[in-house]
Amino acid sequence: MELIVITWILCALVMTDGCCVGRVGHGDSAACPRIISRVEWGARSPTEESTHLPDLLPMLFVHHSAMAECEDQESCSQAVRGIQDLHMDGNGWWDIGYSFLIGGDCNIYEGRGWNTQGAHTGGFNTEGYGVCFMGNFMDHNPSEGAIAAYHTLATCMVEEEKIVMKYQMYGHRQTKPPGGTECPGDVLYATIQEWEGWTEGNISEQKQ
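Residues numbered from 1 in each chain as written. Predicted model: local features only at pLDDT ≥ 70, side-chain atom pairs only at ≥ 80, totals over all residues. Heavy atoms only, no water.

Let's shift gears to the overall build of the protein. For the protein, the count of helices and strands is 5 helices and 6 strands. Along the protein, helices and strands appear, N-terminal first, in the series α-β-α-β-α-β-β-β-α-β-α. Among the 208 residues that make up the protein, the fraction classed as buried is 49%. Put simply, the protein shows about 9700 Å² of open surface, and 50% of that area lies on carbon and sulfur atoms. (Helix = DSSP H or I, 4+ residues; strand = E, 2+ residues; numbered from the N terminus. Buried < 20%, exposed > 50% of the residue type's maximum accessible area, 1.4 Å probe, protein only. Areas by Shrake-Rupley, 256 points an atom, 1.4 Å probe, with all protein chains shown as cover.)

Per-chain confidence: the protein averages 90 in pLDDT, with 85% of residues scoring 70 or above. Every residue in residues 1–16 is under pLDDT 50, and counting partners more than four places away or in other chains gives 22 contacts. (pLDDT = per-residue confidence, 0-100. Contact = heavy atoms within 4.5 Å.)

With that settled, the discussion passes to the state of the cysteines. Following the criterion strictly, the structure yields 2 disulfides and no others. Two residues, Cys-32 and Cys-156, share a disulfide whose sulfurs are 2.1 Å apart. Here Cys-32 and Cys-156 share a disulfide; its torsion about the S-S bond, 80 degrees, makes the bridge right-handed. One end of the pair, Cys-32, is in the loop between helix H1 (2–14) and strand E1 (35–36); the other, Cys-156, is in helix H4 (residues 144–159), and 124 residues separate them in sequence. Here Cys-32 and Cys-156 have matching classes, each one buried. (Disulfide = S-S within 2.5 Å.)

Applying the stated rule across the entire model yields 9 aromatic pairs. When the centroid spacing of 6.0 Å and the interplanar angle of 35 degrees are considered together, the rings of Phe-133 and Tyr-150 count as tilted. Of the two residues, Phe-133 is situated in strand E5 (residues 128–133) and Tyr-150 in helix H4; the sequence distance between them amounts to 17 residues. Cluster of aromatic residues (ring-pair linked, three or more members): Phe-61, Phe-124 and Tyr-170. (Phe/Tyr/Trp six-rings, centres within 6.5 Å; stacked < 30°, edge-to-face > 60°.)

End to end, H4 covers 23 Å across 16 residues, agreeing with the expected 22 Å (1.5 Å per residue, within 8%). Most of H4 sits inside the fold, with 12 of its 16 residues counted as buried. Taken together, the buried positions of H4 are occupied by Gly-145, Ala-146, Ile-147, Ala-148, Ala-149, Tyr-150, Thr-152, Leu-153, Ala-154, Cys-156, Met-157 and Val-158. The positive-phi residue at the C-terminal boundary of H4 is Glu-161, with phi of around 60 degrees. (Expected span 1.5 Å × (residues − 1).)

Topologically, Ser-50 is positioned in the loop between helix H2 (38–41) and strand E2 (57–64). In this structure the side chain of Ser-50 is engaged in a polar contact, spanning 3.0 Å, whose partner is the side chain of Trp-94. Within the local environment of Ser-50, its side chain forms a polar contact with the side chain of Arg-112, the two groups lying 3.1 Å apart. Ser-50 has contacts with Trp-94, Arg-112, Thr-116 and Gln-117, leaving out every residue within four places of it along the chain. (Polar contact = N/O pair within 3.5 Å; in protein donor to acceptor, adjacent residues only side chain to side chain.)

Right, let's talk about the nonpolar core for a bit. One broad rule of soluble globular proteins: the nonpolar side chains tend to lie buried together. Leu-60, Phe-133, Tyr-150 and Met-169 are the most contacted members of the largest nonpolar core, which has 27 residues in total. Breaking this core down by element, the ones donating at least two residues are E2, strand E3 (100–102), E5, H4, strand E6 (163–171) and helix H5 (186–192). Here the element with the most residues in this core is H4; it accounts for 8 residues. Sequence-distant contacts of Met-169, defined by excluding residues within four places in its chain, comprise Leu-60, Val-62, Tyr-150, Ile-192, Trp-195, Glu-196, Gly-197, Trp-198 and Thr-199. (Core = buried A, V, L, I, M, F, W, Y, C linked by side-chain atoms within 4.5 Å.)

So, about the sheet that holds strand E4 (residues 108–110). Ordered in space as E1-E4-E3-E5-E2-E6, the 6 strands form an open sheet in which the pairing is mixed. Of all strands in the sheet, those bounded by a partner on one side alone are E1 and E6. Relative to E6, E2 runs parallel, the two being bridged by 5 bridges. Within E6, the residue paired with Phe-61 across the bridge is Tyr-170. The strands touched by helix H3 (residues 73–90) within the sheet are E1, E3 and E4, with E4 carrying the most contacts at an inclination of about 40 degrees. Its contacts with the sheet put H4 on E1, E2, E3, E4, E5 and E6, and the angle it makes with E6 is roughly 140 degrees. (Pairing = 2+ DSSP bridges. Axes fitted to C-alpha atoms, helices over the stretch in contact; angles between N-to-C directions.)

The following block contains the structure:
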């Protein structure tokens, strides 16, 4: 019941963004938000099958797409398709790399999804999920609604035992040698340091 109350408080707080996150009852549990499926956003079929991941992964990685922001389900679906095309046709991967993506419409979009190894954080793709905020967040943050969607998703991951309760969360740049990437953007990177699970330090030398 407390989770439901918190969810609706979040909804009230982010309605100024024109959206409401944490639609209770649409996920696997009350803690889980609705996730826009691959079918809904018009995903291409992967060209190969990805490796299965176990439950209770130790890490969570935050990214930004460094591309244009989107504001509704139509434009965000188009943005996800563009990212998938870039990853498959430009990078030569067999699917979109991220596990989940979050749009300016405050919706969460299924990438490779649950228990599926992504291609989001080189050397650490077996260790956790990669969540991408769609947009470039070098000089500003995602909307409050998009940030609330992230927290609802992270809570869902813990409640559903997809990640451990004491998970370590990193910005993408922490997994690269210094200067290796600007991801997830300067402002967003400063912001995530206040979030649950953020872990200080550069872990690039720990790559698998």
